[in-house]
Amino acid sequence: MNPMCLVYALTFTAFLVFHSPTADGRSVPVLKGEHFFKQPKGTIKTIVGDDGEVVDCVDIHKQPAFDHLLLKNHKIQMEPSTYPKGIQPSDSLVPLFLESWRKNGKCPDDAIPIRRRVETGIPITKRMLNVSLATSKSGPTHQYAVMQYYAPTAGTIKGGHGIFDVWNPSLNTSSDFSLTQIWVVSGSGSNVNTMEAGWQKYPARTGDNQTHFFIYWTRDSYNQTGCYDLYCAGFVQSNKQMTIGAPLNVSTYNGKQVEVEILIDKDNSSGNWWLYVNNQTVGYWPPSIFTALANGADNVQWGGEIYENSGSGGQHTNTQMGSGHFPSEGYRNASYVRGFRYKNATGYQVAQPSPVYQLTTVNSCWTMQVSANATDYMMFYGGPGCS
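Values in this document were obtained by computation on a predicted structure and should not be read as measured data. (Residues numbered from 1 in each chain as written. Predicted model: local features only at pLDDT ≥ 70, side-chain atom pairs only at ≥ 80, totals over all residues. Heavy atoms only, no water.)

### Notes on the pairing of strand β6 (residues 111-115)
Taken across its five residues, β6 has five buried, putting it largely inside the fold. Here strand β5 (residues 54-59) runs beside β6; their pairing, made up of five bridges, is antiparallel. Paired with Val58 across the two strands is Ile112, which belongs to β6. (Buried < 20%, exposed > 50% of the residue type's maximum accessible area, 1.4 Å probe, protein only. Helix = DSSP H or I, 4+ residues; strand = E, 2+ residues; numbered from the N terminus. Pairing = 2+ DSSP bridges.)

### Let's talk about the nonpolar core
Counting 67 residues, the largest nonpolar core has Phe213, Trp273, Leu275, Trp285 and Trp302 as the members making the most contacts within it. Judged by nonpolar contacts, the second largest core, of 16 residues, contains Tyr144, Val185, Phe214 and Tyr307. (Core = buried A, V, L, I, M, F, W, Y, C linked by side-chain atoms within 4.5 Å.)

### Overview of the sheet that holds β6
The sheet built from three strands is open, its strands ordered β4-β5-β6 with antiparallel pairing. What marks the edges here is a single partner per strand, and that holds for β4 (43-48) and β6. When the angles between neighbouring strand axes are averaged without regard to direction, this sheet yields 25°. Where β4 meets β5, five bridges bridge the pair, whose relative direction is antiparallel. Along β5, the bridge assignment pairs Val48 with Val54. (Axes fitted to C-alpha atoms, helices over the stretch in contact; angles between N-to-C directions.)

### Brief notes about the pattern of salt bridges
According to the stated counting rule, one finds eleven salt bridges in the structure shown. Residue Arg338 is joined to Glu259 by a salt bridge in which the shortest nitrogen-to-oxygen separation is 2.9 Å. Taken together, the positions of Arg338 in strand β18 (residues 335-344) and Glu259 in strand β14 (residues 259-266) put the pair 79 residues apart, joining distant regions of the chain. Given a relative accessible area of 28%, Arg338 falls into the partly exposed group. (Salt bridge = Lys/Arg side-chain N within 4 Å of Asp/Glu carboxyl O.)

### Considering the confidence of the model for the protein
A residue-level look at the protein finds 80% of positions with pLDDT of 70 or above and a mean pLDDT of 83. A low-confidence stretch, residues 3-34 stays under pLDDT 50, and its non-local contacts, those more than four residues away or across chains, total 90 contacts. For the stretch residues 127-138, pLDDT sits under 50, and the model shows 40 contacts to residues farther than four places along the chain or on other chains. (pLDDT = per-residue confidence, 0-100. Contact = heavy atoms within 4.5 Å.)

### With respect to the side chain of Ser251
Looking at the element boundaries, Ser251 is found in the loop between β13 (236-237) and β14. Reaching out from Ser251, the side chain makes a polar contact with the backbone nitrogen of Val258 at a distance of 2.9 Å. Residues in contact with Ser251, not counting those within four places in the same chain, are Asp165, Val166, Trp167, Lys256, Gln257 and Val258. (Polar contact = N/O pair within 3.5 Å; in protein donor to acceptor, adjacent residues only side chain to side chain.)

### What to know about the state of the cysteines
In this structure the tally under the stated criterion is three disulfides. Between the sulfur of Cys57 and that of Cys107 lies a disulfide, 2.1 Å long from S to S. Across the S-S bond of Cys57 and Cys107 the torsion is about -80°, and the bridge reads as left-handed. One end of the pair, Cys57, is in strand β5; the other, Cys107, is in the loop between β5 and β6, and 50 residues separate them in sequence. No difference in accessibility class separates Cys57 from Cys107, as the two residues are buried. A sulfur-sulfur separation of 2.2 Å characterises the disulfide bridge that pairs Cys227 with Cys232. Taking the sign of the S-S torsion, -85° for the link of Cys227 and Cys232, the bridge is left-handed. Note on Cys232: relative accessible area 18%, which makes it buried. Cysteine pairing for the protein, with bonded cysteines counted in sequence order: 1-2, 3-4, 5-6. (Disulfide = S-S within 2.5 Å.)

Right under this line is the structure:
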């Protein structure tokens, strides 16, 4: 998650899948030694994919967000009051998401799909180092390739945008992870607030070897608040089609590239922070769940991170970042971020980001390169790790 997180990763045990009680006439997988969490409150229907993925159709008015004390009387905003300039709402995310469960049913009109959480022992909230204490060096088990734009005046950023190609990197162990994401950040000390979205491969959390879309948030420097996806109260999902946390299609080396475009935009009327994925509205973080982010953000960050559960004492592993290839291999081979944008009072601007977590100390394992033209910046990053 955050570019200076300290993850308490636990050993992942391979899952053997068996079957027990039925949902809509289909058997629901039960994991030997592990299991799925109970279905969320407000579940109307449960659908199981051919690959064992379990999705619960939850009443949109009873979704987890409304367990938050500050959202008890919240009225759902089904769509933004205005769309950011250049955004044309899309009706489909089919090319991006892999959702086998859709072949076996659909959710009712007043329900949202929520991917059933697999009980792996990995917490939904992780205790992390305060981002304001971060230095330009990576820790012994975390490595980063991150760019940042910092507003000249704190709290004046009203949105962030980035385009990321999606990969399925190899990991040294299933307790490692590799991710790429955008962070919208405000605050300092114990009051760091973030909204985050991107892709992550983390078998010990998701229970499989696929790359997944994820969201995250915190209002207290990753101490007690926030979580992945919809596994705690906070984020309000308005999109009745998208499954947050779903597995993704991925890019092919020297072949077809799969991109995810992510926009986090503060609604001018309601103040809600809307999440867009490939031009489709997903839902929003209400400003009331934040402190420092209630009115605006201080900075936007873009980039990649790996966590090496088995790395220690300065020794690194072959866990890959991005595509697993070095930036020098270029487009279609190396992983990249483009479309660096932030929103101020006059609209979206091309960000002039600076590297805040370059991997100069381990550039034989992972590294990054940044280029610019008249209209954009492009960051190639990643690498194969070190064996």
